[in-house]
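Working through the structure, step by step
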Amino acid sequence: MAKITIQSGPKKVTREGKNGEYTKVTQQAVLETVSMKIPLDLEIESVETAFPLGVYNWDSEASLKAGKYGPELPRYYNLTPAKA
């Protein structure tokens, strides 16, 4: 199972899109699997739903869903606190 470590609080980011500006909320995190360890900006629904700093489990296989062109990952990750 993949492990995600949340390293920062929520941050609002405004970007320019094809239909004008949009804002999304992210948290800095590190994704760690057996074969890799990479930093990522974890997108969350809102500042209120931010994850507390810490280590979480992410079941990447259970998160896959059927998309138009094959398997897709969800926009928001479903994380569970890792047990110490």
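Note that the coordinates shown come from a computational prediction; the quantities given were computed from them, not determined experimentally. (Residues numbered from 1 in each chain as written. Predicted model: local features only at pLDDT ≥ 70, side-chain atom pairs only at ≥ 80, totals over all residues. Heavy atoms only, no water.)

1. Looking at the pairing of strand E5 (residues 54-58)
Quick note on the threshold: Strands qualify as paired when DSSP identifies two bridges or more between them. Secondary structure follows DSSP: runs of H or I at least 4 residues long count as helices, runs of E at least 2 residues long count as strands, and numbering of each begins at the N terminus.
Here strand E1 (residues 2-6) pairs with E5 via 5 bridges, running antiparallel. Within E5, the residue paired with Thr5 across the bridge is Val55. In this sheet, strand E8 (residues 80-81) lies alongside E5 in antiparallel orientation, the contact comprising 2 bridges. By the bridge assignment, Tyr56 is partnered in E8 with Pro81.

2. Topic: the environment of Gly9
To keep things clear, this is the line we draw: Each residue is assigned to one of three classes by its accessible area relative to the maximum for its type, calculated with a 1.4 Å probe on protein chains only: buried under 20%, partly exposed between the two thresholds, exposed over 50%. Contacts are residue-level and defined by heavy atoms, with any inter-residue pair within 4.5 Å sufficient.
You can see Gly9 is positioned in the loop between E1 and strand E2 (11-17). By relative accessible area, which is 39% here, Gly9 ends up partly exposed. Spatially, the C-alpha atoms of Gly9 and Leu31 are 16 Å apart, while their sequence positions differ by 22 residues. Leave out the neighbours within four places in its chain, and Gly9 touches Thr26, Gln27 and Leu53.

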